Each structure stands twice: as C-alpha cells, then as structure tokens.
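Coordinates in review
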Amino acid sequence: ASGMATSPDEKRKQLLRPHIDSFDWFLQTGIGECVKSLPPIEIAAENGKIVRIWVESVMVGTPSDDAARAGTISERKYYP
C-alpha cells in the first residue's frame, strides 16, 4: 500500500520466504528436537541379551554414495 511497484522476483521471494524460514528452523532446531523425542528401542537377542538402539544426533548434508567415496565406482550425481 506504499505505492511502490514490486518486481516479479521480489514477489517470488516474498512468497517463498515462509517456506525457507520454516525449512531453516527445521534444520537448525526442529530436527534436533525430533531426535531428542525418539525413545530407545530394545530388542531381545537370541542369546537372551537385550540390545538397545538409540539415535543421538542427525546430520543433513549433500547426498553421497559410499561406493563412490571408496573409489569402487565413478562418482554418481544425485538430484532432488
């Protein structure tokens, strides 16, 4: 209502800002809170011992391939 024209690029940025802010919050805070809320899982092994599994942390990064890093295959490219 200020009378200034808004460019199409600026309109796109305004439209996407809530999504970007939400995603940033999830990566910086939300994913850690999710991990903290995961209860440990206990499994009875055949020998009668209890195996307890839990998640302590999560890391989000670029998609990768262990075989490519090990040099057993050429590097693969991953796209969303």
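What you see is a predicted model; the values in this text were computed from it and never measured.

Remarks on the overall build of the chain
Across its full length, the chain holds 2 helices and 2 strands. Put simply, the chain runs from its N terminus to its C terminus through helices and strands in the order α-β-β-α. For the chain, with 80 residues in total, the buried portion stands at 6%. By sequence separation, contacts in the chain at least 24 residues apart represent 9% of the contacts at least 6 residues apart. Surface exposure of the chain reaches about 7600 Å², of which carbon and sulfur atoms provide 58%.

Quick notes on helix α1 (residues 8–37)
The end-to-end C-alpha separation of α1 is 42 Å, in line with the 44 Å expected for 30 residues at 1.5 Å each. A bend of about 50 degrees at phenylalanine 26 is the largest found in α1. Listing the buried residues of α1 in full gives Gly30, Ile31 and Val35.

With respect to the pairing of strand β2 (residues 50–53)
Here 4 bridges tie strand β1 (residues 41–44) to β2, and the two strands are oriented antiparallel to one another. Its bridge partner being in β2, glutamate 42 is matched across the sheet by arginine 52. A loop of 5 residues connects β1 with β2, the two strands running antiparallel in sequence, and glycine 48 in this loop sits at a positive phi of about 90 degrees.

Regarding a nonpolar patch on the surface
A contiguous nonpolar patch, built from Phe23, Trp25, Phe26, Leu27, Leu38, Val55, Val58 and Val60 and spanning about 720 Å² of accessible area, is present on the exposed surface. Within the element layout of this structure, valine 58 appears in the loop between β2 and α2 (66–70).

Quick word on the environment of glutamate 56
Relative to the helices and strands, glutamate 56 is located in the loop between β2 and α2. As for glutamate 56 and valine 35, which are separated by 21 residues in sequence, their C-alpha atoms are 6.9 Å apart.

Examining the pattern of salt bridges
Applying the stated criterion across every chain, the model contains 4 salt bridges. The salt bridge involving arginine 12 is made with aspartate 9; its shortest N-O contact spans 3.8 Å. Placement of both arginine 12 and aspartate 9 in helix α1 is noted, with a separation of 3 residues, approximately one turn of the helix. Accessibility expressed as a relative area gives 49% for arginine 12, which makes it partly exposed. One continuous salt-bridge network, built from bridges that share partners, spans Asp9, Arg12 and Lys13.

Reading the values: the criteria
Positions within a chain are numbered from 1, following the residues in the order the chain's sequence is written. Confidence filtering applies because this is a predicted model: local features only for residues at pLDDT of at least 70, side-chain atom pairs given and counted only at 80 or more, and all residues used for totals across whole chains, interfaces and linings. The side-chain numbers reported here are obtained from all heavy atoms of the structure, hydrogens and water having been left aside. Only DSSP runs of H or I reaching four residues or more are called helices, and only runs of E reaching two or more are called strands; each is numbered from the N terminus. Partly exposed describes any residue whose relative accessible area lies between the buried limit of under 20% and the exposed limit of over 50%, with all areas from a 1.4 Å probe on protein chains only and scaled to the type maximum. Contacts are residue-level and defined by heavy atoms, with any inter-residue pair within 4.5 Å sufficient. Here, Shrake-Rupley sampling with a 1.4 Å probe gives the accessible areas, and only protein chains in the shown set may cover a residue. Given the number of residues in a helix, its expected span is that number minus one, multiplied by 1.5 Å. Axes are fitted to the seven residues ending at a residue and to the seven starting at it; the angle between these axes is taken as the bend at that residue. Here, any two strands with at least 2 DSSP bridges between them count as paired. Note that patches include only residues with greater than 30% relative accessible area and no salt bridge, and the join distances are 9 Å for like charges and 5 Å for nonpolar side chains (Val, Leu, Ile, Met, Phe, Trp, Tyr). The working definition used for a salt bridge is a side-chain nitrogen of Lys or Arg within 4 Å of a carboxyl oxygen of Asp or Glu.

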